[in-house]
Amino acid sequence: MKLYSQESFQQNAQDKKRELIRMMIFAFPCLAVAVAGFALRIEPLCTAGVILCGAVIIFLYDAKLGPQVRYGRYLKEAHSGLSRKTLGTLVRIGSDPVYTDGVNFREIILNIYEDMSEEGERRFLLDWRREMPSEWMNQDIIVTSHGSYLLEMELAAEAKA
């Protein structure tokens, strides 16, 4: 099961554009107040408008636009480098988010040793927006990854068929 397609990149670009437009719409009235205060030579009004405009831009960037930008950076990085396939038994699916490089992930643990010793456990990161089928628990799966980021996964039994 491939986790990302060209639609993922397009959706992220649309989300970034939407959030940028939203930020500009909310910041425009504050900027208009600052310009009016400047034109009318009312220093407190101009100062308040500039402060409010800055506060709106900072808040909306941190809350809405920034995560989209970081997610786009993650998508670009994960798909622009070497990838490798790993066969292992799915041991654990994390329930808590792992925040890495500005993106939330779900921790996936595979054991690559046949005797299931603890030294064989490998940690992979699955995008929080994606789901790992719970029925795959304790089954052999093949994952394609870039570093520790999962790009693709499939059951080993289906891959052989």
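Being a predicted model, the structure only gives us computed values, none of them experimental. (Residues numbered from 1 in each chain as written. Predicted model: local features only at pLDDT ≥ 70, side-chain atom pairs only at ≥ 80, totals over all residues. Heavy atoms only, no water.)

**Details of the overall build of the protein chain**
No. 1: When helices and strands are tallied, the protein chain shows three helices and five strands.
No. 2: Ordered by position from the N terminus, the helices and strands of the protein chain form the series α-α-β-β-β-β-β-α.
No. 3: Compactness check: the protein chain gives a C-alpha radius of gyration of 23 Å against a globular reference of 15 Å for 161 residues, more than 25% above the reference.
No. 4: Over its C-alpha atoms, taken along the principal directions, the protein chain stretches across nearly 80 × 30 × 25 Å.
No. 5: Relative to its full complement of 161 residues, the protein chain shows a buried share of 36%.
No. 6: Look at the contacts in the protein chain between residues 6 or more apart in sequence, and 58% of them connect residues 24 or more apart.
No. 7: For the protein chain, the exposed area adds up to about 10200 Å²; of that, 59% sits on carbon and sulfur atoms.
No. 8: Considering the protein chain, the positive charge centre built from 19 side chains and the negative charge centre built from 21 side chains are found 10 Å apart. (Helix = DSSP H or I, 4+ residues; strand = E, 2+ residues; numbered from the N terminus. Rg over C-alpha atoms; globule rule 2.2 N^0.38 Å. Buried < 20%, exposed > 50% of the residue type's maximum accessible area, 1.4 Å probe, protein only. Contact = heavy atoms within 4.5 Å. Areas by Shrake-Rupley, 256 points an atom, 1.4 Å probe, with all protein chains shown as cover. Lys, Arg positive; Asp, Glu negative; His and termini not counted. Charge placed at Lys NZ, Arg CZ, Asp CG, Glu CD.)

**What to know about the packing of aromatic side chains**
Given two aromatic rings, one states the distance between the centres and the angle between the planes to describe the pair.
No. 1: Taken as a whole, this structure holds five aromatic pairs when the rule is applied.
No. 2: Where Tyr74 meets Tyr149, the ring centres are 5.2 Å apart and the plane angle is 80 degrees; that geometry is what we call edge-to-face. Highlighted residues: Tyr74 in helix α2 (residues 43-78) and Tyr149 in strand β5 (residues 149-155), separated in sequence by 75 residues. For the pair Tyr74 and Tyr149, one class covers both residues: buried.
No. 3: Ring geometry for Phe105 and Tyr149: centres 5.2 Å apart, planes at 25 degrees, overall stacked. (Phe/Tyr/Trp six-rings, centres within 6.5 Å; stacked < 30°, edge-to-face > 60°.)

**Comments concerning unusual backbone geometry**
A negative phi angle is the norm for most residues apart from glycine, just as the trans form is the norm for most peptide bonds.
No. 1: In the Ramachandran plot, Asp101 falls in the positive-phi region, its phi being about 55 degrees despite a non-glycine side chain.
No. 2: Mapped onto the fold, Asp101 is located in the loop between β1 (84-100) and β2 (103-111).
No. 3: Looking at Asp101, the relative accessible area reads 57%, which means it is exposed.
No. 4: Even without a glycine there, the phi angle at Met116 is positive, about 60 degrees.

**Details of the pairing of strand β4 (residues 140-146)**
No. 1: Of all seven residues making up β4, six are buried, and the element is well covered by its neighbours.
No. 2: Taken together, the six bridges between β1 and β4 define a ladder with antiparallel strand orientation. Paired with Gly88 across the two strands is Ile141, which belongs to β4.
No. 3: Examined bridge by bridge, β4 and β5 share six bridges and lie antiparallel to one another. Each residue of the ladder has a partner; that of Ser145, found in β5, is Leu150.
No. 4: Linking β4 back to β5 in an antiparallel pair, the connection comprises two residues, with Gly147 at a positive phi of about 65 degrees. (Pairing = 2+ DSSP bridges.)

**Overview of the confidence of the model for the protein chain**
No. 1: Averaged over all residues, the pLDDT of the protein chain equals 94, while 99% of them reach at least 70.
No. 2: Per-element mean pLDDT across the protein chain ranges from 79 in helix α3 (residues 156-160) up to 97 in helix α1 (residues 6-39). (pLDDT = per-residue confidence, 0-100.)

**Let's talk about α2**
Three- or four-residue spacings in an α-helix give side chains the same orientation, since the helix completes a turn every 3.6 residues.
No. 1: For α2, with 36 residues, the first-to-last C-alpha span of 49 Å sits near the 52 Å given by 1.5 Å per residue.
No. 2: Its axis deflected by about 50 degrees at Tyr61, α2 carries its strongest bend there.
No. 3: Listing the buried residues of α2 in full gives Cys46, Gly49, Cys53, Leu60, Leu65, Gly66, Gln68, Tyr71, Gly72, Tyr74, Leu75 and Ala78.
No. 4: Buried residues along α2 sit in contact with α1, β2, β3 (121-127), β4 and β5. (Expected span 1.5 Å × (residues − 1). Bend = angle between axes of the 7 residues up to and from the residue.)

**With respect to the nonpolar core**
Considering soluble globular proteins, one finds that nonpolar side chains tend to be buried as a cluster.
No. 1: Within the largest apolar cluster, 24 residues are counted, with the highest numbers of intra-cluster contacts made by Tyr74, Met132, Ile141, Leu150 and Met153.
No. 2: Contributions of two or more residues to this core are made by α2, β1, β2, β3, β4 and β5.
No. 3: Sorting elements by how many residues they give to this core places β5 first, with five residues.
No. 4: Apart from residues no more than four positions distant in its own chain, Leu150 is found in contact with Leu3, Tyr4, Tyr74, Ile108, Phe124, Leu125, Leu126, Val143, Thr144 and Ser145. (Core = buried A, V, L, I, M, F, W, Y, C linked by side-chain atoms within 4.5 Å.)

**Overview of the environment of Ile108**
No. 1: Topologically, Ile108 is positioned in strand β2.
No. 2: Taking the C-alpha atoms as reference, Ile108 lies 15 Å from Met1; in sequence the two are 107 residues apart.
No. 3: In this view, Ile108 contacts Leu90, Arg92, Ile93, Arg122, Arg123, Phe124, Leu126, Met132 and Leu150; residues no more than four positions away in its chain are not counted.

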